[in-house]
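Residue strings, one per chain:
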Amino acid sequence: MKKIQMVDLKGQYAGIKDVVNPSIQEVIENTAFINGPKVHDFQKNLETYLGVKHVIPCANGTDALQIAMMGLGLEPGDEVITADFTFAATVEVIALLKLTPVLVDVNEDDFNINIEAIKRAITPKTKAIVPVHLFGQCANMEAIMEIAKAHNLFVIEDNAQAIGANYTYSNGAKVKAGTIGHVGATSFFPSKNLGCYGDGGAIFTNDDDLAHTIRGIVNHGMYERYHHDVVGVNSRLDSIQAAVLDAKLPHLDNYNKARRNAARKYNAAFKNIESITTPKTVNGCEGICDTCDCHVFHQYTLKIKGIDRDALAKHLNDQGIPCGVYYPIPLHRQKAYLDERYNEADFEVTNQLVKDVISLPMHTELDDEQIEYITSTTIKFING
């Protein structure tokens, strides 16, 4: 059996190097390293894939979130509601812009932001909601957009973990994750479902005026060289990373399909283990249905009950199985984001999830032998 990786980028590269290498070489030979043709090609191809009017590439996913908020004209003191159970980048950019983060609880089943918690958190100072499409599937965007419309709020989708996922409206219409709110942001960190070989990110919107503003912000506030019309930052996707991404984009649906297939096999192996709760899809399917397109399994995350989660994690690592705890500490308990307004009773689900969750290896190159070893090793530990 080949060595198990949390993310097997080397194995993935082996299957696409005949496309990736010439794409990178083209950039090196034409020396257009910043804002070169490859960046524009990738931008247009991603717009087509997502069905969105504007994709604005940038340097990384954290910048994408910050620039999206800058483009909306949010002002210091404005309150921004987001999920307590996620990576710190989401709340980090809110604080960096001197906005006021308002953290709320998530759903027990799908880990995404809780709709009723959003409603309770709204005040006259609330200006935006940032739903995080955690682990690979969308938050309840239809409900979130209804709330936003009723209260005149912006919606900024944190789509770092769910690129390629579809969201299905109650009327059956489907749209890509990240294209529903006023603006969306994503990361192309190497381990993402669509990852480059360095850092990268992008912002999505269907709003022409907002897209124009954001294009200036990512490039020092310039629309014409040395004319600075807005306060901007230096956040550009370099051409080599765009070349990698453009080569990988045609494979994204197959990558996501491979992740779903691996998740199905995990689910089947854990089906009758009472101590394990396997991931649930937002469409309420039992398991992962044959036509699933709502979950792209950036992470495969279990909930463990009645078992020492940390002892399980150590055992798996000792047996050559990498694993992760995403996330071990709620954001509202992080030193940087402590706030006396928070009440522990309002974070019942998050406070339990940080004790129970464990993520197993998930990537496009997982094979049946590896999955059998991972699942059998996990089950043997649980059964004692």
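Some thoughts on the side chain of glutamine 12
At step 1: One can find glutamine 12 in helix α1 (residues 9–30).
At step 2: Within polar-contact distance, the side chain of glutamine 12 engages the side chain of lysine 248 at 2.9 Å.
At step 3: Setting aside anything within four residues of it in sequence, one finds glutamine 12 in contact with Lys248, Tyr255, Thr364 and Glu365.

Topic: helix α7 (residues 208–217)
At step 1: The set of residues buried in α7 consists of Leu210, Ala211, Ile214, Gly216 and Ile217.
At step 2: Buried-residue contacts for α7 involve β1 (54–58), α3 (61–71), β8 (183–187), β9 (201–205) and β10 (222–224).
At step 3: Among the residues of α7, the N-terminal cap falls to aspartate 207, whose side-chain oxygen and the backbone nitrogen of aspartate 209 are separated by 3.0 Å.

Concerning the packing of helix α9 (residues 252–270) against helix α12 (residues 368–383)
At step 1: For the pair α9 and α12, interaxial distance at closest approach is 10 Å and the crossing angle is 35°. Where α9 crosses over α12, the two elements pack in a sense that is right-handed. Across the interface between the two elements, Ala262, Lys265, Tyr266, Ala269 and Phe270 of α9 pack against Asp368, Ile371, Ile374, Thr375, Thr378 and Ile379 of α12.
At step 2: Each residue belonging to the contact of α9 with α12 can be placed in one class, and the counts come to seven nonpolar, two polar and two charged.

Structural notes on the pairing of strand β14 (residues 357–360)
At step 1: Both faces of β14 are covered, namely the face carrying Val357 and Ser359 and the face carrying Ile358 and Leu360.
At step 2: Pairing geometry for strand β13 (residues 300–304) and β14, over four bridges, is antiparallel. By the bridge assignment, threonine 301 is partnered in β14 with serine 359.

Thoughts on the environment of isoleucine 371
At step 1: Note that isoleucine 371 resides in helix α12.
At step 2: Separated by 368 residues in sequence, isoleucine 371 and lysine 3 place their C-alpha atoms 12 Å apart.
At step 3: With near-sequence residues (within four places) excluded, isoleucine 371 lies in contact with Ala262, Lys265, Tyr266 and Leu366.

Brief notes about the state of the cysteines
Defined simply, a disulfide is a covalent bond joining two cysteines at their sulfur atoms.
At step 1: Taken as a whole and judged by the stated rule, the model has zero disulfides.
At step 2: Looking at the unpaired cysteine 138, the closest cysteine sulfur is the one in cysteine 294, lying at 8.6 Å.
At step 3: On the accessibility criterion, cysteine 138 (2% relative accessible area) is buried.
At step 4: For cysteine 294, a relative accessible area of 3% puts it in the buried group.

Structural notes on the nonpolar core
At step 1: Grouped together as the largest cluster of nonpolar side chains are 36 residues, with contacts concentrated most on Ile81, Phe85, Ile113, Ile118 and Ile144.
At step 2: Put simply, the parts of the chain that give this core at least two residues each are β2 (79–83), β3 (100–104), α5 (115–121), α6 (141–151) and α11 (348–356).
At step 3: Broken down by element, this core gets its largest block of residues, five residues, from α6.
At step 4: One finds Phe270, Phe297, Ile358 and Leu360 within the second-largest nonpolar core, a separate group that totals 27 residues.

A few points about the sheet that holds β2
At step 1: Spatially, β1-β9-β8-β5-β4-β2-β3 is the arrangement adopted by the seven strands of the open sheet, whose pairing is mixed. In this open sheet, the two strands that pair with only one neighbour each are β1 and β3. Going from strand to strand, the sheet's axes swing by 25° on average, the running direction of each strand aside.
At step 2: Bridging between β8 and β9 involves four bridges; their strand directions are antiparallel. Pairing of threonine 186 across the sheet is with alanine 202, part of β9.
At step 3: Packing of helix α2 (residues 37–50) onto the sheet brings it into contact with β1 and β9, and relative to β1 it is tilted by some 135°.

Conventions adopted
- Residues numbered from 1 in each chain as written.
- Predicted model: local features only at pLDDT ≥ 70, side-chain atom pairs only at ≥ 80, totals over all residues.
- Heavy atoms only, no water.
- Helix = DSSP H or I, 4+ residues; strand = E, 2+ residues; numbered from the N terminus.
- Polar contact = N/O pair within 3.5 Å; in protein donor to acceptor, adjacent residues only side chain to side chain.
- Contact = heavy atoms within 4.5 Å.
- Buried < 20%, exposed > 50% of the residue type's maximum accessible area, 1.4 Å probe, protein only.
- Axes fitted to C-alpha atoms, helices over the stretch in contact; angles between N-to-C directions.
- Left-handed = near helix turned anticlockwise from the far one by under 90°.
- Nonpolar A, V, L, I, M, F, W, Y, C, P; charged D, E, K, R; others polar.
- Pairing = 2+ DSSP bridges.
- Disulfide = S-S within 2.5 Å.
- Core = buried A, V, L, I, M, F, W, Y, C linked by side-chain atoms within 4.5 Å.

Interpretation in functional terms is not warranted from these geometric data alone.
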